[in-house]
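Observations on chain architecture
Listed below are the residues making up each chain.
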Amino acid sequence: MSGAIIECSGVTKLFGDFAGLNNVSLSVSPGTIGLLGPNGAGKSTLMKCLLQLHPISMGGARLLGRDVGSEGREIRTRVGYAPEQDCLISGMLGCEYVTYCAQLNGLPFQEARQRAHEMLDFVGMGQERYRAVDTYSTGMKQRVKLAQAIVHDPELVFLDEPTNGLDPKGREQILQLVESLWKKHNISVVLSSHLLQDVDRICGEIIIIARGEVLVQDTLKNLKARRAGFAELVVEGEHQRVLEILRANECTCELESNGHITVKHGRESLTPVLKFLHDEGVRPIEALPSPNALEEVFLQALSNHGPD
Amino acid sequence: MAQIDSSYTHRDGDTRGIGYRRWVIAQATLTACLKLKGMKWVVWSCWIYAFLQGIFLFGFGQLMDPSSAVYAFITENLGFFKSIGPMFQGWAEENPRIAIGMTYNLFFYIFTGYIVSTLTLSLVALGMAIPRLITSDLSSRAITIYSSKAVSRLDYCLGKFGGVMLLLTITWLGPMLATWLMGNLMAPKISFFWHTAPALLHSSMFVMSGMIFLGLMALGVSSMTSSPRTATSIWVGVLLLGVVLSRIGEGSENYWLQYLSFWFNLELLQGWVFNISGDFIELGTEYPSFTDGHIFDRFKERLGIKKNVSTPRHDVAVAITCLSLLGGAALLTLYKKVKPE
Amino acid sequence: MSIAPVIQAAELSRWYGIVMGLNNISFDIGTGLTGLVGPNGAGKSTLIKIITGQLRPSDGELTVFGMQPWNNPAVLREIGFCPEDDALPDRLRARTWLRGLAMLSGIAPSAAPDHVDAILDRVKLERVHWEKPLGQFSKGMRQRVKLAQALLHHPRLLVLDEPMNGLDPMGRQEVQRILKQLAAEGTAVLISSHILHELEALCPEILILNWGRVIASGSQLALQRRLQGTEANLHIRCSDPARFTRVLFEADLLLGFDCTDTSGDDEGGLDLRVKDPQRFSDSLVDLLTDNDIALHELRSRDRSLQDIFEKMTE
């Protein structure tokens, strides 16, 4: 598939006087897209506007090449959505719920039932699927939400904070699943999260939104390239000596509170850095390029934008 | 990790049309309602009630047939029937349209909308179902999920409306049809079908218009709040208010208050559709001696038929307008309230 | 400087009928920042409730500053607690609510307003929101109010359950800064969180629970050492991965490898299992320079809290 999956031109969403989205123009190609922004920046609003959960006040948007305003229903047969909040239908069993969601997207009952169970397998739900959704834990809810978003085999899924409230193992599993959606199954993913690390890990493209405006849209690679020449070193002990060695080799460096050393070395690769450290008898345990690139870009974008 | 089964497959089947999706919502709504505690009892009661009515109609049919065992048994054991039994039969032979048709019409007038009837049971069923219709979707934010699927708000409402219609079919329309069918299948003559067709037509017209109205009201009430208890309270309140308004308005100068009560309006509508008064007028002209008695007047009073005149057209028009306005208000509530978040 | 531990548990158990909450655990927690980690149902909430005096141990003993917290206002006065669920009164204004709480915790009514304002400033709740009802607050703002509420009486021990849940990246940074500052001032801080990489950067001490037992406690460094074995798992990105693996193999350092990110258009990533980590780190630079390989990333797969956690809860 080629062409943009999301196109916005001047999308504005007003809630009374407050602009939830302010003249947003975007063009996004298939892939995994990370949506970042402070609380209340308009991430969820953008997703909801694209799905026609909120009517767009001004401007136009196209999803998968179709106009959101006039063909909302047709578009949604090819799009999945897992909202941030709970949205289960009480009184239903897990598998009933997913089957029902599939049917709502037009799958005949037999196929809906089959796919519902396949998707529940896919998200790693076991016998819990035969329990009422009202009794589910956060982890199960997140899984069911993911299952219902992909049960009709969409081309694009919107996931709003899919790892919120999960324990480390659960988060890891959900992240792996989400990652595989694009990498293995060619389903584009738009993911919103507060955890930059999650986005860093999964997403190929980053969109940063604040106060209803798009501040940054770029690939993660390009964003990281902005921080090329920076590295984070992990050494055991001898921090001061390492700092001195680095400074002696024309590097700017800083000791972080967690004992790691951030260094601006300005070289093409880390080999020369390791070389001169090695010559002084220092063997870093880890050497990570462009550390916290996403965080830096994020904070920078927001500070450039200025305070309220 | 081993426990993740990444057996994701793409599908290449067709997707069904929007009609199917609406039907799915209706089905799911009905299923959710039937799952409610006590709902099964209400539904069973409706059908038992229908069965009893059928038995009653069977008894009536037997009275029209001199060769039946029931007739023989009754005339032998009940002295009263010894004298009037043959009269009935002669009457049925002579003027079946009045003897059978009108009696059925009266019966179904009572069956479909009297105090102890499937209408009352349907109102109870609706009261129980209301928290499950839209209220629970509002509180659990399931509306967001519906809206993110390939259904619009209109489709959602249509589906829910379909669900209510299904429920009312089970509790009201279905039993009514079953009663009619039972009464006629067990009747002594096949001609009963023909003679009782007007009664069926009247019942169906009234029940179906009542269903549409009650369905809208139930959806409206259900969408007003996200708290199940409040929704039920509002429904009970609306019912009680109806009773109170029609009582206050009755016979007073503020008679117009009655029109605010949907009970009153439904009664008017029913009276007009079944045209019981008309039946009585016709009966009075054909058999004046029969309708003159004191007992008969009491009977009519009990049925709420005061004058020997048909329900005036303009009264019915006002009633229908009021019902439509109430239904419109329900629709407006739906439109305002059924929104994601 | 060796001082008495702030929280001390000895053979502590808590049962709910037949359901296990905590099973015979013993540990010490000192001042500074301690991270409490565990899967759902590991007993973290039970432990927090016992520490904050909301539950009584079934067996064994837990002391905070040398005293048992259950039914003991003297200890509870020293503890600030920021719960996970946000049970805030929706109709009250932030300032009003906190002033009331301040007075409840024994601050003079005349001093309460200034005190509350100082704390609200400290948790960086913007001033425009101070007079708004809590019901209108966003999740991040509510978290701040919850934190402020826990700090009102200047506790010596601060217990936080998922304090950063729902906060955006800046909010997270700010809360972390506040917590670090508190720890530097001598407050003991216990943080329960699922976001391991944040705890890793924040908390030098870690307590890992699983199935009602303590499976590890101590400094991160000690935990890392405990996991160090005769082999190491590494992730490497370099200019010529095929050659690099060959070189490593010839040097008899390689136990196994896996190519990742082969789809990428530039240098691919390598997951390596290396034997004799010491010799590997000694000879790494020579191998790189001799073979003219540009190293872009050297990441250990054994050291992060996530790695440790996964290994220990396996």
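Residues numbered from 1 in each chain as written. Chains lettered and ligands numbered in written order. Predicted model: local features only at pLDDT ≥ 70, side-chain atom pairs only at ≥ 80, totals over all residues. Heavy atoms only, no water.

A tally of regular secondary structure across chain B gives 16 helices and zero strands. A burial count over chain B gives 50% of its 341 residues as buried. As displayed, chain B offers around 16800 Å² of accessible surface, 67% of which is attributable to carbon and sulfur atoms. (Helix = DSSP H or I, 4+ residues; strand = E, 2+ residues; numbered from the N terminus. Buried < 20%, exposed > 50% of the residue type's maximum accessible area, 1.4 Å probe, protein only. Areas by Shrake-Rupley, 256 points an atom, 1.4 Å probe, with all protein chains shown as cover.)

Okay, unusual backbone geometry next. Residues and elements named next belong to chain C. A positive phi is found at histidine 154, a non-glycine position, where the angle reads about 50 degrees. Tracing the sequence through the fold places histidine 154 in the loop between α5 (139-151) and β6 (157-161). A relative accessible area of 56% places histidine 154 in the exposed class. Look at tryptophan 211: it is not a glycine, yet its phi comes out positive at around 50 degrees.

The next point concerns a nonpolar patch on the surface. A cluster of nonpolar side chains, namely Trp44(B), Trp47(B), Ile48(B), Phe51(B), Leu52(B) and Ile55(B), defines an oily patch on the protein surface of about 640 Å² accessible area. Within the secondary structure, Ile48(B) is located in helix α2 (residues 39-63). (Patch = residues over 30% accessible without salt bridge, like charges linked within 9 Å, V, L, I, M, F, W, Y side chains within 5 Å. Salt bridge = Lys/Arg side-chain N within 4 Å of Asp/Glu carboxyl O.)

This next bit is on helix α6 (residues 168-183) of chain A. Residue and element names in this part refer to chain A. Between the first and last C-alpha of α6 there are 22 Å, a value that for 16 residues agrees with the 22 Å anticipated at 1.5 Å per step. The buried count for α6 comes to twelve of 16 residues, which makes it a mostly enclosed element. Within the sequence span of α6, burial applies to Pro168, Gly170, Arg171, Glu172, Gln173, Ile174, Leu175, Leu177, Val178, Glu179, Ser180 and Leu181. (Expected span 1.5 Å × (residues − 1).)

Once that is clear, we can look at the interface of chain A and chain C. Counting residues at the interface gives 40 residues for chain A, matched by 47 residues for chain C. When chain A packs against chain C, close to 3600 Å² is buried across both sides, 54% of that on carbon and sulfur atoms. The interface formed by chain A and chain C holds three salt bridges in total. Our count for the chain A to chain C interface comes out at 14 residue pairs in polar contact (both at pLDDT 80 or more). Elements with a contribution of two residues or more to the side of chain A that touches chain C: α6, α7 (196-202), α10 (271-279), β14 (286-289) and α11 (293-305) of chain A. Sorting elements by how many residues they give to the side of chain A that touches chain C places α6(A) first, with five residues. Taken together, the residues of the side of chain A that touches chain C break down into 16 nonpolar, eleven polar and 13 charged. (Contact = heavy atoms within 4.5 Å. Buried area = accessible area lost by both parts, 1.4 Å probe. Polar contact = N/O pair within 3.5 Å; in protein donor to acceptor, adjacent residues only side chain to side chain. Nonpolar A, V, L, I, M, F, W, Y, C, P; charged D, E, K, R; others polar.)

In this section: the arrangement of the chains. The assembly contains two pairs of chains in contact; the pair sharing the most contacts is chains A and B. At the C-alpha level, the nearest point of chain B lies 11 Å from chain C, with no contact between them.

This part is about the packing of aromatic side chains. Tallied over the full model, the rule gives 17 aromatic pairs over all chains. Note on Phe262(B) and Trp263(B): the rings are 5.7 Å apart at their centroids and 15 degrees apart in plane angle, and the pair reads as stacked. Clustering of aromatic rings is evident, with ring pairs tying together Phe56(B), Phe60(B), Tyr104(B), Phe107(B), Phe108(B), Phe111(B) and Phe192(B). The ring of Phe15(A) carries Lys13(A) above its face, with NZ or CZ at 5.2 Å from the centroid. Stacked on the ring of Tyr16(C), the Lys or Arg Arg14(C) has its end atom at 4.9 Å from the ring centre. (Phe/Tyr/Trp six-rings, centres within 6.5 Å; stacked < 30°, edge-to-face > 60°. Lys NZ or Arg CZ within 6 Å of the ring centre and 35° of its normal.)

A word on the domain arrangement of chain C. All names here are of chain C. As far as domains go, chain C holds domain 1 (7-225) and domain 2 (228-312). Computed over C-alpha atoms only, the centres of domain 1 and domain 2 are separated by 40 Å. Taken together, the 13 residues of domain 1 in the interface contact eight residues of domain 2. Interface of domain 1 and domain 2: buried area, both sides summed, is about 1100 Å²; carbon and sulfur atoms make up 69% of it. (Domains from an automatic or database assignment.)

Looking now at the pattern of salt bridges. Residue and element names in this part refer to chain A. Evaluation of the coordinates by the stated rule reveals 35 salt bridges over all chains. The salt bridge involving glutamate 179 is made with arginine 201; its shortest N-O contact spans 3.6 Å. Of this pair, glutamate 179 sits in helix α6 while arginine 201 sits in helix α7, placing them 22 residues apart in sequence. Look at arginine 201 and you get partly exposed, because its relative accessible area is 34%.

This part covers the environment of Ala9(C). All names here are of chain C. Turning to its location among the elements, alanine 9 is positioned in strand β1 (residues 7-16). The exposure class of alanine 9 is buried, given its relative accessible area of 4%. With sequence-adjacent residues up to four places away left out, alanine 9 is seen in contact with Ile25, Ser26, Phe27, Glu61 and Leu62.

Okay, the interface of chain B and chain A next. Counting residues at the interface gives 40 residues for chain B and 48 residues for chain A. For the pair chain B and chain A, the summed buried area comes to about 3800 Å², and 53% of that belongs to carbon and sulfur atoms. The tally of links between chain B and chain A comes to three salt bridges. Of the charged contacts, one joins Glu111(A) and Arg11(B) as a salt bridge, the two residues approaching to 2.7 Å between their closest N and O atoms. Of all the secondary-structure elements, those providing two or more residues to the side of chain B that touches chain A are α1 (18-34), α6 (118-139) and α7 (142-148) of chain B. The element best represented in the side of chain B that touches chain A is α1(B), accounting for seven residues.

For the rest of this paragraph, the subject is the sheet that holds strand β5 (residues 66-67) of chain A. Pairing between the strands of a sheet comes from backbone hydrogen bonds, and it takes one of two forms, parallel or antiparallel. All names here are of chain A. Taken together, the four strands give an open sheet; going across it, the order is β2-β1-β4-β5, and neighbouring strands pair in antiparallel fashion. Edge strands, defined here as strands with exactly one partner in the open sheet, are β2 (18-28) and β5. Inspection of the sheet shows strand β1 (residues 6-15) paired to β2 by seven bridges, in the antiparallel sense. When the bridges of β2 are listed, valine 11 appears paired with valine 24. Of the strands in this sheet, β1, β2 and β4 (58-63) touch helix α1 (residues 43-50), which is tilted by about 110 degrees from β1. (Pairing = 2+ DSSP bridges. Axes fitted to C-alpha atoms, helices over the stretch in contact; angles between N-to-C directions.)

So, on to the environment of Arg131(A). Residues and elements named next belong to chain A. Position of arginine 131 relative to the elements: it lies in the loop between α4 (109-122) and α5 (138-150). For arginine 131, a relative accessible area of 35% puts it in the partly exposed group. Contact partners of arginine 131, with chain neighbours within four places excluded, come to Met92, Leu93, Gly94, Tyr136 and Met140.

Once that is clear, we can look at the sheet that holds strand β8 (residues 188-192) of chain A. All names here are of chain A. What the six strands build is an open sheet, ordered β6-β7-β8-β3-β9-β10; its pairing is mixed. Each edge of the open sheet is held by one strand with a lone partner, namely β6 (79-82) and β10 (213-219). Sheet twist, expressed as the average angle between the axes of neighbouring strands with direction ignored, equals 15 degrees. Across the sheet, α5 lies against β6 and β7 (156-160), angled at about 165 degrees from β6, the strand it touches most. Helix-sheet contacts for α6 involve β3 (32-36), β7 and β8, and the interaxial angle to β8 is about 145 degrees.

On to the confidence of the model for chain C, then. Mean pLDDT over chain C: 87, with 96% of residues reaching 70 or higher. Here the predicted complex scores 0.84 on pTM and 0.85 on ipTM. (pLDDT = per-residue confidence, 0-100.)

With that settled, consider the side chain of Lys13(A). Residue and element names in this part refer to chain A. Mapped onto the secondary structure, lysine 13 falls in strand β1. Of the polar contacts made by the side chain of lysine 13, one reaches the backbone oxygen of proline 55; its length is 2.9 Å. Ignoring any residue separated from it by four or fewer positions in sequence, one finds lysine 13 in contact with Phe18, Ala19, Gly20, Leu21, Thr45, Cys49, His54, Pro55 and Ser57.

Packing of α10(A) against helix α10 (residues 277-291) of chain C leaves a shortest axis separation of 10 Å and a crossing angle of 130 degrees. Comparing their axes, α10(C) and α10(A) come out oblique. In this structure, α10(A) meets α10(C) at a crossing whose hand is left-handed. Between α10(A) and α10(C), the residues in contact are Thr271(A), Leu274(A), Lys275(A) and His278(A) and Asp282(C), Leu284(C), Val285(C), Asp286(C), Leu288(C) and Thr289(C), respectively. Along the lines of polarity and charge, the residues of the contact of α10(A) with α10(C) split into four nonpolar, three polar and three charged. (Parallel < 35°, antiparallel > 145°, perpendicular 65-115°, else oblique. Left-handed = near helix turned anticlockwise from the far one by under 90°.)

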